[in-house]
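The chain contents come next:
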Amino acid sequence: MVDGAWNERLLDFRTRSKRRTLVRIVTRWLDRCADDGYQAAELDNLDSFSRSKGLISKKQTRRYAAALVRKGHAAGLAVAQKNRAQWNGTVVGFDFAIAEECGRWKECADYIDHYGDLVLAVEYRKKDFRWTCRHFGAQLPVVRRDLALSPDGIRRWC
């Protein structure tokens, strides 16, 4: 299934067998990250269930995320929750959060409730970056990036 809003393919992890297969694939990526010297990895699309037209449940998402967090930790990586601000990912072992556009969507406080100051806020629009810096810049690292996250693109900190 392709999510039309983001043009992203949604992974089908509804069954234990499918989760195991996908976890094996992602584990190879996590191991490679650790081998290449990375200290952490972010896991995205924790909100796929909300875009799956009822095919994927929150419970299935939680099980999949928990398995990936375990594998990331086994590889020696810290593991970040990305997006899905209202969910407390610490219950499955996430170590910190990447809060993409939390200022734009007024969700930064939700991440802080779960992770304290272990949140990296990323904003793409100038006005959202300014707002987030003004409201959370003393508490959190806030960076403005270009949407493509290109190496030579925008990179500003407040």
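Use the structure listed above.
This is a predicted model, so every value here is computed, not measured. (Residues numbered from 1 in each chain as written. Predicted model: local features only at pLDDT ≥ 70, side-chain atom pairs only at ≥ 80, totals over all residues. Heavy atoms only, no water.)

Peer 1: Where do I start with the overall build of the protein in this structure?
Peer 2: When helices and strands are counted, the protein shows four helices and eight strands. Going from N to C terminus, the protein has its helices and strands arranged as β-β-α-β-α-β-β-α-β-α-β-β. Taking 158 residues into account, the globule formula puts the C-alpha radius of gyration at 15 Å, and the protein, at 16 Å, falls close to it. When the backbone C-alpha atoms are referred to their principal axes, the protein occupies close to 45 × 35 × 30 Å. Counting over 158 residues, the protein shows a buried share of 42%. Sequence-distant contacts, at least 24 apart, represent 48% of the contacts inside the protein between residues at least 6 apart. With an accessible surface of roughly 9300 Å², the protein has 50% of that area assigned to carbon and sulfur atoms. (Helix = DSSP H or I, 4+ residues; strand = E, 2+ residues; numbered from the N terminus. Rg over C-alpha atoms; globule rule 2.2 N^0.38 Å. Buried < 20%, exposed > 50% of the residue type's maximum accessible area, 1.4 Å probe, protein only. Contact = heavy atoms within 4.5 Å. Areas by Shrake-Rupley, 256 points an atom, 1.4 Å probe, with all protein chains shown as cover.)

Peer 1: What is the right way to read the pairing of strand β5 (residues 96-100) from this model?
Peer 2: The side chains of a regular strand alternate between the sheet's two faces. In terms of residue burial, β5 counts as a mostly covered element, since four of its five residues are buried. Where strand β4 (residues 78-82) lies against β5, three bridges are found, and the strand directions are parallel. In the sheet register, Q81 faces β5, and the bridge partner there is A97. The sheet contact formed by β5 and strand β6 (residues 119-123) spans four bridges and is parallel. Paired with E100 across the bridge in β6 is V122. (Pairing = 2+ DSSP bridges.)

Peer 1: Is there a simple way to think about the state of the cysteines in this case?
Peer 2: Cysteine pairs can be linked by a disulfide, which is a covalent bond between their two sulfur atoms. Summed over the entire model, instances satisfying the criterion amount to two disulfides. Between the sulfur of C102 and that of C108 lies a disulfide, 2.0 Å long from S to S. What sets the handedness of the C102 and C108 disulfide is the S-S torsion sign, and at about 85° it is right-handed. For the pair C102 and C108, one class covers both residues: buried. With its disulfide-bonded cysteines labelled consecutively along the sequence, the protein is connected as 1-2, 3-4. (Disulfide = S-S within 2.5 Å.)

Peer 1: How do you make sense of the sheet that holds β4 when you look at a structure like this?
Peer 2: Sheet strands line up and pair through hydrogen bonds in the backbone, either parallel or antiparallel. In space, the six strands of this open sheet follow the order β3-β4-β5-β6-β7-β8, with mixed pairing throughout. The open sheet has two free edges, formed respectively by β3 (40-43) and β8 (155-157), since each of these has just one partner strand. This sheet shows a mean twist of 25° between the axes of neighbouring strands, independent of strand direction. Summarising the sheet, β6 and strand β7 (residues 142-145) pair through three bridges and their orientation is parallel. (Axes fitted to C-alpha atoms, helices over the stretch in contact; angles between N-to-C directions.)

Peer 1: Even after reading the chapter, I still don't get the packing of aromatic side chains, so can you show me in this structure?
Peer 2: One pair of aromatic rings is described through two measures. These are the centre distance and the angle between the planes. Scanning the model with the defined rule gives three aromatic pairs in all. If you follow K106 out to its NZ or CZ, it ends over the ring of W131, 4.0 Å from the centre. (Phe/Tyr/Trp six-rings, centres within 6.5 Å; stacked < 30°, edge-to-face > 60°. Lys NZ or Arg CZ within 6 Å of the ring centre and 35° of its normal.)

Peer 1: I tried to follow the packing of helix α1 (residues 16-35) against helix α2 (residues 58-74) on my own but got confused; where do I start?
Peer 2: Helix packing geometry: the angle between the two helix axes and the distance between the axes. At a closest axis distance of 10 Å, the pairing of α1 and α2 adopts a crossing angle of 35°. Where α1 crosses over α2, the two elements pack in a sense that is right-handed. Only Q60, R63, Y64, A67, L68, K71 and G72 of α2 make contact with α1, whose side of the interface consists of R19, L22, V23, V26, T27 and L30. (Left-handed = near helix turned anticlockwise from the far one by under 90°.)

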